[in-house]
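Listed here are the chains, written in short residue letters.
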Amino acid sequence: MIKYTEALGLIKDLLITACFYFAFTTGAFAARHIPSSSMEPTLEVGDRLFVSMFAYGYNRYTVPFSPEFVPETRLFSDAPTLGDVAVFTQPHRGDDEIIKRVIGLPGDIIQVTNGRLYINGNLVQRTFVRDVNYTDYKGVNRRAKEYDETLPNGVKHRIYEFTDHGRADNTPPYKVPAGHYFM
């Protein structure tokens, strides 16, 4: 049988641990997992990583449960740069987090033509690395071409390209609005 003072000590320890965890995951680093294959081969489904909460500042959406009393304006904010990998939520998708690479800054014009990415009318360079055969997270055998893609600011990252002739491989130009980013 647990004594009253032991029970109070246990409750106190649990509350301190919960407060420390809440402060750490809100203010410093938060653990995340990769939910989709859209960032392969950089990040694969099921990968786990720590996200720096310092990177882009704090607002309502960096606090669990997005309380209304916390303002939407960012505190200690810093802007993402081309090539950054960012974690964010979209308002219409609830609390589902998305992990994507920033490829368009405010004012940029983004377009895909014949499967090739253009930023401000300039073709983003890609260099063929190899043909890849692998089994995806759903157990389906896949074949892709792996490229090193170099963004205009020199940031390089790897991509898988399944085809340059898919339904999203030809888009109209899209101008990124002020205060927004294209992922």
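For the structure, see preceding data.
Residues numbered from 1 in each chain as written. Predicted model: local features only at pLDDT ≥ 70, side-chain atom pairs only at ≥ 80, totals over all residues. Heavy atoms only, no water.

Looking at the overall build of the protein chain
Worth spelling out the cut-off: In this description a helix means any DSSP run of H or I spanning at least four residues, a strand means any run of E spanning at least two, and both kinds are numbered starting from the N terminus. Type-normalised accessible area, obtained with a 1.4 Å probe on protein chains alone, sets the label of each residue: buried when under 20%, exposed when over 50%, and partly exposed for intermediate values. Under the convention used here, a 1.4 Å probe and the Shrake-Rupley method define accessible areas, while residue burial counts only the protein chains that appear.
Counting its regular elements, the protein chain contains one helix and eleven strands. Going from the N terminus to the C terminus, the protein chain shows its helices and strands as α-β-β-β-β-β-β-β-β-β-β-β. Counting over 183 residues, the protein chain shows a buried share of 28%. Summed over all atoms, the accessible surface of the protein chain reaches about 12,500 Å², with 58% contributed by carbon and sulfur.

Details of the pattern of salt bridges
This is how the line gets drawn: Any carboxyl oxygen of Asp or Glu that lies within 4 Å of a side-chain nitrogen of Lys or Arg is treated as forming a salt bridge with it.
For the structure on display, the rule yields seven salt bridges. For Arg126, the salt bridge is made with Glu161, and the minimal N-O distance between the two is 3.6 Å. With Arg126 in strand 8 (residues 125-135) and Glu161 in strand 10 (residues 156-161), this residue pair connects regions lying 35 residues apart in the sequence. The class for Arg126 is buried, based on a relative accessible area of 15%. For Asp136, the salt bridge is made with Arg142, and the minimal N-O distance between the two is 3.6 Å. Assessed through its relative accessible area of 11%, Asp136 is described here as buried. One salt-bridge network, in which partners are shared between bridges, spans Arg130, Glu146, Asp148 and Arg158.

Topic: the nonpolar core
Applied cut-off: Grouping buried Ala, Val, Leu, Ile, Met, Phe, Trp, Tyr and Cys residues that are joined through side-chain atoms within 4.5 Å yields what is termed a nonpolar core. The contact rule is simple, with two residues in contact once any of their heavy atoms fall within 4.5 Å.
Counting nine residues, the largest nonpolar core consists of Leu82, Ile103, Ile110, Val112, Leu117, Ile119, Val124, Leu151 and Val176. When contributions to this core are tallied by element, the ones reaching two or more residues are strand 5 (109-113) and strand 6 (116-119). Aside from chain neighbours lying at most four places away, what touches Ile110 is Ile103, Gly104, Leu117, Tyr118, Ile119, Pro172, Pro173, Tyr174, Val176 and Phe182.

What to know about the packing of aromatic side chains
For clarity, the threshold we go by: For Phe, Tyr and Trp, rings pair up if their centres lie within 6.5 Å, where Trp contributes its six-membered ring, and each pair is then called stacked (planes under 30 degrees apart), edge-to-face (over 60) or tilted (otherwise).
Scanning the model with the defined rule gives three aromatic pairs in all. Centroid distance Tyr134 to Tyr160: 5.3 Å. Interplanar angle 35 degrees. Geometry classified as tilted. Here Tyr160 lies in strand 10 and Tyr134 lies in strand 8, a separation of 26 residues in the sequence. Comparing Tyr134 with Tyr160, the two get one shared label, buried. Here the aromatic rings of Tyr174 and Phe182 are separated by 5.6 Å at their centres, their planes lie at 50 degrees, and the arrangement is tilted.

As for the sheet that holds strand 6
Rule in force here: Strand pairing follows a simple DSSP-based rule, namely that at least 2 bridges must link the two strands.
Spatially, 7-6-5-11 is the arrangement adopted by the four strands of the open sheet, whose pairing is antiparallel. Bordering the open sheet on either side are strand 7 (122-123) and strand 11 (174-175), each of which pairs with just one other strand. Two elements, strand 6 and strand 7, share two bridges in a ladder whose sense is antiparallel. From the neighbouring strand, Tyr118 faces strand 7, where its bridge partner is Leu123.

Describing the sheet that holds strand 10
Condition: For every element, the axis is a line fit to its C-alpha atoms; helices are fit only across the contacting stretch, and the angle between N-to-C directions ranges from 0 to 180 degrees.
Taken in spatial order, the three strands make up an open sheet running 8-9-10, and their pairing is antiparallel. The two strands at the open ends of the sheet, each matched to only one other strand, are strand 8 and strand 10. Looking at each pair of strands side by side, their axes are set apart by 25 degrees on average, direction ignored. Bridging between strand 9 (residues 141-150) and strand 10 involves six bridges; their strand directions are antiparallel. Of the residues in strand 10, the one forming a bridge with Tyr147 is Ile159.

Observations concerning the side chain of Glu146
Filter applied, for reference: Here a polar contact is taken to be a pair of N or O atoms separated by no more than 3.5 Å, where protein atoms must pair a possible hydrogen donor with a possible acceptor and residues adjacent in sequence count only if both atoms sit in side chains.
Inspection of the secondary structure puts Glu146 in strand 9. Of note is the side chain of Glu146, whose polar atom sits 2.9 Å from the side chain of Arg158. The contact partners of Glu146, leaving out residues within four places of it in the chain, are Pro41, Thr127, Phe128, Val129, Arg130, Val132, Arg158, Ile159 and Tyr160.

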